[in-house]
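# Structural overview for review
For reference, the chains in residue letters:
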Amino acid sequence: MKVKSLEWIKGENGYLKLLDQTLLPHKVRYIICKNTDIVYRAIQALAVRGAPAIGVAAGYGLYLGARCIKAKTPGEFLKRLEIIAQKLISARPTAVNLAWAVNRISSSVHKLNSSSVSEIKKQILLEAKAIHREDIVTCDKIGKSGSGLIRNGMGVLTYCNAGLLATAGSGTALAVFYQAKKEGRKFKVYVPETRPLLQGARLTAWELKQNKLDVILLCDNMIGKLMSERKIKLVVTGADRITANGDTANKIGTYQVALMAHHHRIPFYVAAPLSTFDFKLRTGKEIPIEFRPETEVTCIAGKPVAAKGVPAYNPAFDVTPSEFIKGFITEKGIITPSHLYKEIVHV
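As a starting point, this report considers the structure included with it. Each residue is numbered by its place in its chain's sequence as written, counting from 1. Under the rules for a predicted model, residues below a pLDDT of 70 receive no local features and side-chain atom pairs below 80 are neither given nor counted, while totals for whole chains, interfaces and linings still include all residues. No hydrogens and no water enter the side-chain calculation; it runs on all heavy atoms of the structure.

### Some points on empty space enclosed by the protein
In this analysis the probe radius is 1.4 Å and the grid spacing 1 Å, with only protein atoms considered; a cavity is a set of points the probe fits into but cannot get out of, a pocket is an open set with protein on both sides within 12 Å along at least five of seven lines, and lining residues have an atom within 4 Å of a point. Grid points are joined across faces, edges and corners, and a volume is the space filled by probe spheres set on the points. Taken as a whole, this structure holds 2 cavities of 30 Å³ or more when the rule is applied. Counted as a void, the largest cavity has a volume near 200 Å³. Around the largest cavity, the lining is made up of 23 residues, and of these Arg49, Gly50, Ala51, Asn161 and Asp240 lie nearest the centre. Think of it this way: any DSSP run of H or I at least four residues long counts as a helix, any run of E at least two long counts as a strand, and we number them from the N terminus. Residue assignment for the lining of the largest cavity shows that the elements contributing at least two residues are helix H2 (51-67) and strand E9 (248-251). Residue lining of the second largest cavity: Pro196, Leu197, Gln199, Lys251, Ile252, Arg292, Glu296, Asn314, Pro315 and Ala316, and that is the complete set. Following the grouping adopted for this structure description, the nonpolar residues are Ala, Val, Leu, Ile, Met, Phe, Trp, Tyr, Cys and Pro, the charged ones are Asp, Glu, Lys and Arg, and the polar ones are all others, Gly among them. Taken together, the residues that form the lining of the second largest cavity break down as 5 nonpolar, 2 polar and 3 charged.

Put into structure tokens, the structure is as follows:
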């Protein structure tokens, strides 16, 4: 697939080019970001989405803001940079890669406190580009870590979108499928529509079809039936934040998928880079859950489907307890929840 979720164009005077995912699959259109505010709005509106992609976009967004700061001293510059950083972090509170990328860049430039303002600005762009490159490599490694789970003739299920559109590379969960295809295995990928914003129907099904995988679209309420018929043998999803005990926040609806998989004894795996693990939080109860506008539930594609005045409940994420997760597919291999802290915390 030729489209990219995001791309930095040119050098220090360049801009961020974001694929507007709110228009897919019917239109391929890009947002040109030349300042932080545009990046912030794109993240909030889900024009760019997926934890890794949000992190990469935020890194460039920080540079776009830094580029406009007029400060005489590094100290003054860094104070103003922190305001921009906190604004970007506030765009979406659940996906930890957003704060991780912004804080990584902020930490790197604070080490240059004795440098000139122009040198600090250059370092911000260099670090943003490094995060971008690393994500591409990490996605490939995740794919190779998990591809052996897929066998010929298997039916696999994913949820929401954790592919090329959600990262700078080949994805997290979908990277596993792409790698298995490269290795010559044939299998079916079942994709639930993922209400309320239909990321499965609009994005995942489209992306997999573009890449010539055997994809079948489902309504969200068909998953249990297919599992009971043994048509699904494996579940692989992405993640937005994973706590120290392995509890995992992902798109709303993931928890019930994990419960059904557990009931039917179907292995449930989470594919995510190490940057998605948040060891500052002990359990999923500490994860901040983003709530989004009621209209996302009461409307589809901007058209009302509920009676006027009916209220709606719209958390963007839920948390799957680690007891329902067989393993985490990372760039360092597959790690079980019981070995999570021991194997990752010192990486």
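### Focus: the nonpolar core
Ranked by internal contacts, the top residues of the largest apolar core, which has 43 residues, are Leu16, Phe77, Leu81 and Ile124. Contributions of two or more residues to this core are made by strand E1 (6-9), strand E2 (15-19), helix H1 (36-44), H2, helix H3 (74-89), helix H4 (96-110) and helix H5 (117-146). Counting residues per element, this core draws most heavily on H2, at 10 residues. With sequence-adjacent residues up to four places away left out, Leu81 is seen in contact with Leu62, Ala66, Ile69, Val109 and Ile124. By nonpolar core we mean a set of buried residues, namely Ala, Val, Leu, Ile, Met, Phe, Trp, Tyr and Cys, connected to one another through side-chain atoms within 4.5 Å. Exposed residues in this analysis have more than 50% of their type's maximum accessible area, buried residues have under 20%, and partly exposed residues fall in between, with area computed by a 1.4 Å probe over protein chains only. If you look at the next biggest cluster of nonpolar residues, it comprises 24 residues, including Tyr159, Ile223, Ala272 and Phe277. Contact definition: two residues touch when any of their heavy atoms are within 4.5 Å.

### What to know about helix H6 (residues 173-182)
Counting buried residues in H6 gives 8 out of 10 residues, a clear majority hidden from the surface. Listed in full, the buried residues belonging to H6 are Ala173, Leu174, Ala175, Val176, Phe177, Tyr178, Gln179 and Ala180. After H6 finishes, the residue Gly184 shows a positive phi value of roughly 95 degrees.

### Here we look at the packing of H3 against H4
Axis lines are fitted through C-alpha atoms, for helices just across the contact stretch, and the angle between N-to-C directions can take any value from 0 to 180 degrees. At a closest axis distance of 9 Å, the pairing of H3 and H4 adopts a crossing angle of 170 degrees. Classified by the angle between their axes, H3 and H4 sit roughly antiparallel to one another. Side by side, H3 and H4 meet where Leu78, Leu81, Glu82, Ala85, Leu88 and Ile89 of the first sit next to Leu98, Ala99, Val102, Asn103, Ser106, Val109 and His110 of the second. Of the residues that constitute the contact of H3 with H4, the class distribution is 9 nonpolar, 3 polar and 1 charged. Roughly parallel here means an angle under 35 degrees, roughly antiparallel means over 145, roughly perpendicular means 65 to 115, and every remaining angle is called oblique.

### Description of the pairing of strand E6 (residues 214-218)
Pairing between strands is defined by DSSP: at least two bridges between them are needed. Here strand E5 (residues 188-192) runs beside E6; their pairing, made up of 5 bridges, is parallel. Counted as the bridge partner of Pro192 is Leu218 from E6. In this fold, the crossover linking E5 to E6 by way of helix H7 (residues 199-210) has right-handed handedness. For crossovers, right-handed means that the path from the first strand over the helix to the second runs clockwise, given strands pointing away from the viewer.

### Examining the packing of aromatic side chains
Only the six-membered ring of Trp is used, alongside the rings of Phe and Tyr, when aromatic pairs are assigned; centres must lie within 6.5 Å, and planes under 30 degrees apart are stacked while those over 60 apart are edge-to-face, with the rest tilted. Under the definition given, this model contains 6 aromatic pairs. Ring plane angle 75 degrees and centroid distance 5.8 Å describe the contact between Trp8 and Tyr63, whose orientation is recorded as edge-to-face. Of the two residues, Trp8 is situated in strand E1 and Tyr63 in helix H2; the sequence distance between them amounts to 55 residues. Measuring from ring centre to ring centre gives 5.5 Å for Phe291 and Tyr313, while their planes differ by 65 degrees; the resulting arrangement is edge-to-face. Of this pair, Phe291 sits in the loop between strand E11 (277-278) and helix H10 (295-298) while Tyr313 sits in the loop between strand E13 (303-304) and strand E14 (317-320), and the two are 22 residues apart along the sequence. Grouped by ring-pair contacts, the aromatic residues Trp8, Tyr60 and Tyr63 constitute a single cluster. Ring-over charges, as used throughout, are those where CZ of Arg or NZ of Lys falls within 6 Å of the ring centre and within 35 degrees of the ring normal. Positioned above the aromatic ring of Tyr15 is the side chain of Lys34, whose terminal nitrogen or guanidinium carbon lies 5.7 Å from the ring centre.

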